[in-house]
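# Chains, contacts and geometry: an overview
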Amino acid sequence: VAAMIARGLHPDGRWTLGPALEVLSRPRTGRVLWFTLWISTLGTAITVLLGVPIAYVTYRLALPFTGLVRGLLVMPFVLPTVVVGIAFRSLLAPSGPLGFLGWDGSWQAILAALVFFNIAVVVRTVGGRWQSLDPRQAEAAAALGAGPWTVLRTVTLPALRPAIVSAAMVVFLFCAGSFGVVLTLGGVRYSTVETEIYLLTTNFLDLQAAAVLSLLQAAVVITLLLLTERLTAGSPNRLRGNGARQRVRRADLPHLLITAAACLFVLAPLVTLVLRSLQVGDGWGLDHYRRLTEVGSVPTLQVTVWQALLTSIRAAVDATLIAVLLGLLFGKAISGLSAVQIAQLASAAGHLA
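Quick caveat: nothing in here was measured; it's all calculated off a predicted structure. (Residues numbered from 1 in each chain as written. Predicted model: local features only at pLDDT ≥ 70, side-chain atom pairs only at ≥ 80, totals over all residues. Heavy atoms only, no water.)

## Let's talk about the overall build of the protein chain
For the protein chain, the helix and strand inventory stands at 15 helices and two strands. Sorting the 353 residues of the protein chain into buried and exposed places 35% on the buried side. For the protein chain, the proportion of contacts with a sequence separation of at least 24, taken over those separated by at least 6, is 74%. In the structure as shown, the protein chain presents an accessible area of about 20000 Å², 69% of it carried by carbon and sulfur atoms. (Helix = DSSP H or I, 4+ residues; strand = E, 2+ residues; numbered from the N terminus. Buried < 20%, exposed > 50% of the residue type's maximum accessible area, 1.4 Å probe, protein only. Contact = heavy atoms within 4.5 Å. Areas by Shrake-Rupley, 256 points an atom, 1.4 Å probe, with all protein chains shown as cover.)

Structural data, given as structure tokens:
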């Protein structure tokens with residue numbers, strides 16, 4: 001971080017805001033910031049609107065296979081963002097099942113992929129709190145004559161507000177910081193702050209501009225974390241529920257339809273990607289998988305898939321060991337702080353990372 005600050009605000013051995021202001025005043029920077037803002041806001045709104053009803057179905061209703069549905073919806077979140085981008089390219093390409101939409105390389109494709117990637121955040125965050133809510137408040141309101149929507153508006157949503165706000169903020173940060181999805185689906189036509197930092201660093205070697213945008217991104221992350229803390233402070237705590245589920249009612253039909261549509265939405269690009277990998281000419285086969293073990297069979301494949309897998313595992317193990325060691329030392333150093341302060345520091349560090 002210190003190197004980033006020095007690169008952006010301390011060029012040529014003196015502190016100045018001139019270069020930073022010049023970077024922020026560029027027309028392209030303005031377009032990148034505006035696209036990042038509105039695509040992230042729209043993606044967050046759609047994700048929350050879809051995720052809250054799905055959280056209700058998968059965590060509150062007594063239905064079979066809800067665990068399987070939750071696992072299906074979480075699967076996109078653990079996939080590499082580049083894989084998500086490739087899956088949507090396969091789905092939306094002119095030769096793909098949804099090629100007739102003409103969304104290949106469009107902002108609509110980026111938006112759909114962002115919702116696809118982040119819906120699990122809302123479902124798990126809101127669903128976990130919903131499952132733990134004390135049902136007696138809602139039952140009392142219903143016994144006093146309140147209808148289902150009145151109970152939802154006056155009892156349930158206020159209790160869920162911390163989870164919804166936290167999930168929305170996290171989704172916004174993930175949308176704004178999405179790299180692989182935007183780079184794969186947007187190309188050079190659409191760029192967010194994250195991909196712009198990458199392009200400035202690798203393609204144009206403009207490290208100062210990249211540092212300025214990185215500082216701006218860090219400032220936005222910290223501001224949103226503080227805002228989330230403020231919005232969720234003092235919220236009602238009604239977490240004395242026993243996790244019991246309620247039976248399905250006729251009023252739950254819209255939520256069930258949204259959940260079913262979300263499952264299809266998640267399955268479509270993944271199934272298309274699998275089918276595309278098995279397609280060999282006019283037939284089907286495993287030829288593409290066999291070529292993964294042959295170096296040079298694909299121009300961009302310089303090592304076998306097993307060597308790449310070994311490198312990934314080695315990097316993951318090394319990074320985990322270092323992170324655990326540093327985390328233990330950091331935890332020991334701040335052991336005198338309160339639990340809330342430690343959580344805030346860890347959250348800020350995680351989002352900045």
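## Concerning the packing of aromatic side chains
Both the distance between ring centres and the angle between the ring planes are used here to describe each pair of aromatic rings. Scanning all chains against the criterion turns up ten aromatic pairs. Aromatic side chains Phe179 and Tyr198 sit 5.0 Å apart centroid to centroid with 80° between the ring planes, which places their arrangement in the edge-to-face category. In this pair, Phe179 sits in the loop between helix H8 (148–176) and helix H9 (180–186) while Tyr198 sits in helix H10 (residues 193–202), placing the two residues 19 residues apart along the sequence. Members of the aromatic cluster, connected to one another through ring pairs, are Phe35, Trp38, Trp107 and Tyr190. (Phe/Tyr/Trp six-rings, centres within 6.5 Å; stacked < 30°, edge-to-face > 60°.)

## Looking at the confidence of the model for the protein chain
On average, residues of the protein chain score 81 in pLDDT, and 89% of them reach the 70 mark or higher. For the protein chain, helix H15 (residues 339–352) is the element with the lowest average pLDDT, namely 58, and helix H3 (residues 27–60) is the one with the highest, namely 91. (pLDDT = per-residue confidence, 0-100.)

## Examining the nonpolar core
Counting residues in each nonpolar core, the largest one holds 48 residues, and the members touching the most others are Phe88, Ile110, Val126 and Trp130. Where this core is concerned, the elements lending two or more residues are H3, helix H4 (66–78), helix H5 (81–92), helix H6 (107–132), H8, H9 and helix H12 (253–278). Among the elements that take part in this core, H6 stands out by supplying 14 residues, more than any other. With residues up to four places along the chain from it excluded, the contact list for Val126 reads Ala55, Leu160, Ala163, Ile164 and Ala167. One finds Val32, Val193, Ala209 and Ala210 within the second-largest nonpolar core, a separate group that totals ten residues. (Core = buried A, V, L, I, M, F, W, Y, C linked by side-chain atoms within 4.5 Å.)

## Side note on the environment of Leu253
Mapped onto the elements, Leu253 comes out in helix H12. For the pair Leu253 and Val57, spaced 196 residues apart in the sequence, the C-alpha separation amounts to 9.8 Å.

## Digging into the side chain of Ser40
Within the secondary structure, Ser40 is located in helix H3. A polar contact is formed between the side chain of Ser40 and the backbone oxygen of Thr36, at a distance of 2.6 Å. (Polar contact = N/O pair within 3.5 Å; in protein donor to acceptor, adjacent residues only side chain to side chain.)

## Digging into unusual backbone geometry
One non-glycine residue, Phe65, lies in the positive phi region at around 65°. Assignment of secondary structure puts Phe65 in the loop between H3 and H4.

## Topic: the packing of H5 against H12
It is the contact of H5 with H12, at a shortest axis distance of 8 Å, that shows an interaxial angle of 80°. Between H5 and H12, the crossing angle belongs to the class labelled roughly perpendicular. Across the interface between the two elements, Val83, Ile86, Ala87, Phe88, Ser90 and Leu91 of H5 pack against Phe265, Ala268, Pro269, Thr272, Leu273 and Arg276 of H12. Tallied by class, residues from the contact of H5 with H12 come to nine nonpolar, two polar and one charged. (Axes fitted to C-alpha atoms, helices over the stretch in contact; angles between N-to-C directions. Parallel < 35°, antiparallel > 145°, perpendicular 65-115°, else oblique. Nonpolar A, V, L, I, M, F, W, Y, C, P; charged D, E, K, R; others polar.)

## Focus on the pattern of salt bridges
Considering all chains together, one arrives at four salt bridges under this definition. When the shortest N-O distance is used, the salt bridge between Arg89 and Asp104 registers 2.7 Å. Of this pair, Arg89 sits in helix H5 while Asp104 is found in the loop between H5 and H6, placing the two residues 15 residues apart along the sequence. Arg89 gets classed as partly exposed once you look at its relative accessible area, which sits at 33%. Overall, Asp104 belongs to the partly exposed group, its relative accessible area being 29%. (Salt bridge = Lys/Arg side-chain N within 4 Å of Asp/Glu carboxyl O.)

## Overview of the side chain of Ser106
Along the chain, Ser106 turns up in the loop between H5 and H6. For Ser106, a relative accessible area of 8% translates into the label buried. There is a polar contact of 2.6 Å between the side chain of Ser106 and the backbone oxygen of Trp103. Excluding its chain neighbours within four sequence positions, the residues that come into contact with Ser106 are Leu185 and Tyr190.

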